[in-house]
Each structure stands twice: as structure tokens, then as C-alpha cells.
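Now for the letters of each chain:
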Amino acid sequence: MNSLFDTFVLNNGLKIPCIGFGTWQTPNGKVAADSVAAAIKAGYRHIDTAAVYANEEGVGEGIRRSEVEREKLFVTTKLWNKDRGYENTLKAIDASLLHLGLDYVDLYLIHWPANKKQFLNCDEINLDTWRAMEAVYDSGKARAIGVSNFLVHHLEKLIGKAKIKPMTDQIEFHPGYLQEDTVSYCKRNGIIVEAYSPLGTGKLLGDRELKKIASRYDKSVAQLCIRFALQKGVLPLPKSVNPDRIKENADVFDFIISDEDMKLIENVKKLSKVGCHPDEVTW
Ligand code: A2P
């Protein structure tokens, strides 16, 4: 990958720009609109939001404010958990499109799998929801469909019965939390892995070992983590609302992390999961 315009290719042939602009925890309204507009100005072409982030309006406003044509942008949103099931999913995509002010999204994701902790029939719920995602895809309201927070056992159950294979799985991924089983399963099955919290929601940035490695390239820890994801074949979604940091996070194409340093980063100690576990959540 050499620039923000470079792409991964989804299993339906659709190109997805190699770094996405994350918007989790970005407040709706001016902050979302300004930061999305700043990101597009800085060269990002891929914006990631979700119904539950409650900022789809601001994100849509930022997209409209930019002068880049809609076809040149890649926009993702996600189905929230309360909207699982066939009929609800069909309504939820319409609500998201309305909030975003768009006719279609490029990628629509099931945000979290239904799990056993909450539902005896969780596999059935996930399949029913997926069938609606397939209908959304067939209708053209989403140019690609996928999942988020699905582990191998969720994916296996879905893929066994799905008409269309998920095109992406968006999971927590960063130094200290590499989810190797899920990543290698996805790679074997032609599913692009997207990394949310590639900076560990910012918690990795003070890590001494990572700082030492980053300094060898004259780069920040944030840039190191983003580059690390790309070199692992994973698509990072760094979030920032600050124009300088937005630019900084895109300036990752003028260095290559050596194999030796990749190994060191893979083995950094003391860092671990920062988010919730898909089999444990109760919402
Ligand atoms: P801010 O939005 O104020 O820039 P992640 O992408 O792993 O979820 O991390 C996002 C967090 O890291 C946010 O708190 C964000 O704050 C912060 N952040 C993003 N980019 C940088 C950067 N280059 N340097 C320092 N902090 C950053």
C-alpha cells in the first residue's frame, strides 16, 4: 500500500480504501461534520460509522461538505443490536440512509453477533439477520455486506448457511491483541479484516517498547500501529477528531517496518484487549 487511495479488494470485487476514518466516540453535529470533512480533505476516502455511534447525521454532513464525488468515497455503517432480525434490519438500513442523507452505503455490517449469554437461539437470530443483509445487498442499498465482532465460531455457523459470504469482519485489532484465529480464518475464507481501535483507543500510545520501535523510523506510535495493521494485511480504522492527528495517521506510506520489528510489535507485553468480548456482552 502506497497511499490512502490504495485499496483492498472485497470478495465481490469492490475496492475498499486501505485506511478507514473511524468515528466511534465522535460526537454528532459539528465535531463529526468537521472531522469527517477534514479527513476527506486530508485524503481519506473511507469513512466508518454505525447507527449506535449516533453521529450518522454529522458524518453525512461532513461528506456533503467535501467536494469529493460520492462515488469516490467509501462509507460504512452498522446495524445496531436492537435491530436484529429480518424485518427490523430492513427498516434499520433505511433509517441509517436517512440519517446519513445517502442513497446507499458502500458497506453495511452486523455490529455484534447475538450471543448465547442473551439468546438460546442466537445462531438462528444471526442467520435471520444475515438473510436481511443479503436482501439489503440485492436491493443495492449496500454495495457490500459484512459483520463485526464475529469470532471463528460465529463465522462458521453463518457461512455454512449463507447465500452470500460476509465480505469483511471488523474486529478489535492492535499490538497486544491480534486475534490470530479470527484473522487467519478470515484470510482463508476471503474475508477482509478491518481493525477497530488500532491504537487501542489511544491506550497504546504511551507504551515504552512501541515508542522505542517507532523512533527508529522517526514516526509516532500511532503511525507505527497503523502501519503495523497494513503490513499484517488488516485494514485499520484510526479515529481522531483533531486535524493534525487526522493527517498524522494518514502519513504512514513512507516507511516499512522491518520483519524483525514486526515480530517485536507482535510480542509486545502488557498490552491487551481494550473493548468488550462478543461472547460476554449483555447488550
Ligand atoms: P482524538 O480524537 O482527540 O485525536 P483508536 O483509533 O484506537 O480508537 O484510538 C482513538 C483515540 O486515540 C482517540 O482518543 C484519539 O483522540 C486518539 N488519537 C488518534 N490519533 C492519535 C494520534 N496520532 N496521536 C495521539 N492520539 C491519537
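Positions within a chain are numbered from 1, following the residues in the order the chain's sequence is written. pLDDT decides what is reported in this predicted model: residues at 70 or higher carry local features, side-chain atom pairs at 80 or more are listed and counted, and totals for whole chains, interfaces and linings draw on all residues regardless. Remark: hydrogens and water are excluded; side-chain values derive from all non-hydrogen atoms of the structure.

A look at the sheet that holds strand 10 (residues 235-236)
Pairing between the strands of a sheet comes from backbone hydrogen bonds, and it takes one of two forms, parallel or antiparallel. Between any two strands, pairing holds if DSSP finds at least two bridges. Each helix corresponds to a stretch of at least 4 residues labelled H or I by DSSP, and each strand to a stretch of at least 2 residues labelled E; elements are numbered beginning at the N terminus. Taken together, 8 strands build an open sheet; the order of strands is 3-4-5-6-7-8-9-10 and the sheet is parallel. Since the sheet does not close on itself, it has two edges, and those belong to strand 3 (21-22) and strand 10, each with one partner.

As for the pattern of salt bridges
Salt bridge, as used here: a side-chain nitrogen of Lys or Arg that lies within 4 Å of a carboxyl oxygen of Asp or Glu. Within the structure shown, the criterion is met by 18 salt bridges. Among the ionic pairs, Glu266 bridges to Lys232, the shortest N-O distance being 2.9 Å. Remark: Lys232 occurs in the loop between helix 8 (221-231) and strand 10 and Glu266 occurs in helix 10 (residues 259-266); sequence separation between them is 34 residues. Classification of Glu266 as partly exposed rests on a relative accessible area of 25%. Three or more residues are tied together by salt bridges with common partners; here these are Lys30, Asp34, Glu61, Arg64 and Arg65. The rule is simple: take the accessible area with a 1.4 Å probe, protein chains only, and divide by the maximum for that residue type; under 20% is buried, over 50% is exposed, in between is partly exposed.

Looking at the site of the ligand
Neighbouring the ligand are 15 residues, the closest being Leu199, Thr201, Lys239, Ser240 and Arg245. In protein, a polar contact means a hydrogen-donor-capable atom and an acceptor-capable atom, both N or O and within 3.5 Å, with residues adjacent in sequence counting only if both atoms are side-chain atoms; elsewhere, any N or O pair within 3.5 Å suffices. Between the ligand and Gly200, the relevant distance is 3.3 Å, taken from an oxygen atom to a main-chain nitrogen or oxygen of the residue. The contact in question runs from an oxygen atom of the ligand to an N or O atom on the backbone of Val241, over 2.9 Å. To be clear on the numbers: accessible area is Shrake-Rupley with a 1.4 Å probe, and residue cover counts the displayed protein chains and nothing else. Look at the ligand: alone it shows 570 Å² of surface, and the protein chains cover 80% of it. Ten residue types, Ala, Val, Leu, Ile, Met, Phe, Trp, Tyr, Cys and Pro, are classed as nonpolar, four, Asp, Glu, Lys and Arg, as charged, and the remainder, Gly among them, as polar. Among the residues forming the shell around the ligand, the class breakdown is 6 nonpolar, 6 polar and 3 charged. One heavy atom within 4 Å of a molecule or strand is enough for the residue carrying it to be called near that molecule or strand.

Here's the deal with helix 5 (residues 152-161)
Among the residues of helix 5, those classed as buried are His154, Leu155, Leu158 and Ile159. In an axial view of helix 5, the angular spread of the buried residues amounts to 115°, which keeps them on one side of the axis. Opposite the packed face of helix 5, turned more than 90 degrees from it, sit the exposed residues Gly160 and Lys161. Directions pointing from the helix axis toward each C-beta atom define the arc.

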